[in-house]
Amino acid sequence: MDKKKIAATTLMAVLPLLIILGNFHLLAFSESFYREKMTDNFVYKDIEYKTANNLTASIISYMDSGKELDSTVFIEREIEHMRDVRQLMQAEKILLSITMILAAVAIAYLLAKDKNTLLMAVYKGSIATLLITLITLIIVLFAFGPAFTLFHKILFRNDLWLLPADSMLIKLLPQQFFIDFAKRLGLNTIITASILMFIGSFKR
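What counts, and where the lines are drawn
Residues numbered from 1 in each chain as written. Predicted model: local features only at pLDDT ≥ 70, side-chain atom pairs only at ≥ 80, totals over all residues. Heavy atoms only, no water. Helix = DSSP H or I, 4+ residues; strand = E, 2+ residues; numbered from the N terminus. Buried < 20%, exposed > 50% of the residue type's maximum accessible area, 1.4 Å probe, protein only. Contact = heavy atoms within 4.5 Å. Salt bridge = Lys/Arg side-chain N within 4 Å of Asp/Glu carboxyl O. Patch = residues over 30% accessible without salt bridge, like charges linked within 9 Å, V, L, I, M, F, W, Y side chains within 5 Å. Areas by Shrake-Rupley, 256 points an atom, 1.4 Å probe, with all protein chains shown as cover. Phe/Tyr/Trp six-rings, centres within 6.5 Å; stacked < 30°, edge-to-face > 60°. Core = buried A, V, L, I, M, F, W, Y, C linked by side-chain atoms within 4.5 Å. Axes fitted to C-alpha atoms, helices over the stretch in contact; angles between N-to-C directions. Parallel < 35°, antiparallel > 145°, perpendicular 65-115°, else oblique. Left-handed = near helix turned anticlockwise from the far one by under 90°. Nonpolar A, V, L, I, M, F, W, Y, C, P; charged D, E, K, R; others polar. Expected span 1.5 Å × (residues − 1). Bend = angle between axes of the 7 residues up to and from the residue.

J.: Help me understand the environment of P16, please; the structure alone is not making it clear to me.
T.: In this fold, P16 is placed in helix 1 (residues 3–28). Assessed through its relative accessible area of 7%, P16 is described here as buried. For the pair P16 and L130, spaced 114 residues apart in sequence, the C-alpha separation works out to 8.3 Å. Residues within four places of P16 in sequence aside, it is in contact with G125, A128, T129 and I132.

Shown next as structure tokens:
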């Protein structure tokens, strides 16, 4: 396999991961999204507006930089679960960085050597992203409960994610939040992939 084919194959392989992880990262660390969903899910009826916003900001900060959560607000089980979540988010950051580097190298090489091959790789990678996203969305929307449980059983080695209904994490981030998250992530991913597919459809 020549270098152009290697670069094109690499780009097609990492592009779906890059698009999905990139959109996931932006959404997972977006305070405005959390506030929007807390309004939609009537969280502010049970938790004062400023308090709820400060607590979600602390959750985001913990996932990002490791700033400790308030143990007077969150029970030990919640803190231990968030420790697991933070480890996953740090792994996501590393994986996203790797895909960005691989994509950048492949794009730079094909941009210099063969722009048509670059566009073809972007086009095919975008189509793959759309198919993956649509299939995942269908599963999530029609079987969210089993999918949510399976997701946690795969990613976590314990049952700390099974929190009491009155825990602060559940009050701030009820199940509907994660349904809305999946929908928004799917929409953002589809928009991104569609734009790239349109760009990739052009020939030079």
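Next, the rest of the story.
J.: Could you clarify how one ought to interpret the pattern of salt bridges in this entry?
T.: Side-chain pairs of opposite charge can arise where the charged atoms are in close proximity. In the structure shown here, the tally under the stated rule is eight salt bridges. The shortest N-O distance in the salt bridge between K37 and E36 comes to 3.6 Å. Of the residues examined, E36 reaches a relative accessible area of 32% and is grouped as partly exposed. In this structure, D180 engages K37 in a salt bridge whose closest nitrogen and oxygen atoms are separated by 3.8 Å. Here K37 lies in helix 2 (residues 31–40) and D180 lies in helix 8 (residues 175–200), a separation of 143 residues in the sequence. Across this residue pair, the class does not change: D180 and K37 are buried. Salt bridges here are not isolated pairs; linked through shared partners, they connect E36, K37, D40, D180 and R184.

J.: Just checking my understanding: could you explain a nonpolar patch on the surface for this structure?
T.: A grouping of L187, I191, I195, F198, I199 and F202 is seen on the molecular surface, where their side chains present a nonpolar patch of about 600 Å² in accessible area. On the accessibility criterion, L187 (46% relative accessible area) is partly exposed.

J.: Just checking my understanding: could you explain the packing of aromatic side chains for this structure?
T.: Aromatic rings in a pair are described by how distant their centres are and how their planes are angled relative to each other. If you walk through the whole model with that rule in mind, you get 11 aromatic pairs. Between F33 and F177, the aromatic rings sit 5.7 Å apart at their centres with planes inclined by 55°, giving tilted as the arrangement. One end of the pair, F33, is in helix 2; the other, F177, is in helix 8, and 144 residues separate them in sequence. On the basis of relative accessible area, F33 is assigned to the buried category, the value being 2%. Classification of F177 by relative accessible area gives buried; the value is 4%. Clustering of aromatic rings is evident, with ring pairs tying together F24, F33, Y34, F144, F148, F177, F178 and F181.

J.: Help me understand the nonpolar core, please; the structure alone is not making it clear to me.
T.: As a rule of thumb, nonpolar side chains are buried together in soluble globular proteins. I59, M63, F74, M82, L172 and F181 are the most contacted members of the largest nonpolar core, which totals 31 residues. Elements represented by at least two residues in this core include exactly helix 1, helix 2, helix 3 (49–65), helix 4 (76–113), helix 7 (168–172) and helix 8. Among the elements that line this core, the one with the most residues is helix 3, at six residues. Apart from the residues lying within four places of it in its own chain, the contact partners of M63 are A28, F29, Y34, M82, V85, R86, M89 and Q90.

J.: Sorry, what's going on with the packing of helix 5 (residues 115–142) against helix 8 here?
T.: The relative placement of two packed helices comes down to the angle between their axes together with the axis-to-axis distance. The geometry of helix 5 relative to helix 8 is characterised by a closest axis approach of 8 Å and an angle of 160° between their N-to-C directions. Classed by the angle they form, the pair helix 5 and helix 8 counts as roughly antiparallel. In this structure, helix 5 meets helix 8 at a crossing whose hand is left-handed.

J.: Even after reading the chapter, I still don't get the packing of helix 4 against helix 5, so can you show me in this structure?
T.: The N-to-C vectors of helix 4 and helix 5 enclose an angle of 140°; their axes lie 6 Å apart at closest approach. Here helix 4 is positioned oblique relative to helix 5, judged by the angle of their axes. In this structure, helix 4 contributes I107, L110, L111 and K113 to the contact, and helix 5 contributes K115, T117 and L118. Along the lines of polarity and charge, the residues of the contact of helix 4 with helix 5 split into four nonpolar, one polar and two charged.

J.: Got a minute to help me understand helix 1 in this structure?
T.: For helix 1, which comprises 26 residues, the first-to-last C-alpha distance of 36 Å matches the rise-based estimate of 38 Å (1.5 Å per residue) to within 8%. Along its length, helix 1 shows its largest kink, about 35°, at V14, and proline P16 lies within four residues downstream of that point. Of all the positions in helix 1, only A7, A8, L11, V14, L15, P16, I19, L21, G22, N23, L27 and A28 are classed as buried. Tucked inside the fold, the buried residues of helix 1 contact helix 2, helix 3, helix 4, helix 5 and helix 8.

Honestly, that's just the spatial picture; any functional story needs more than this.
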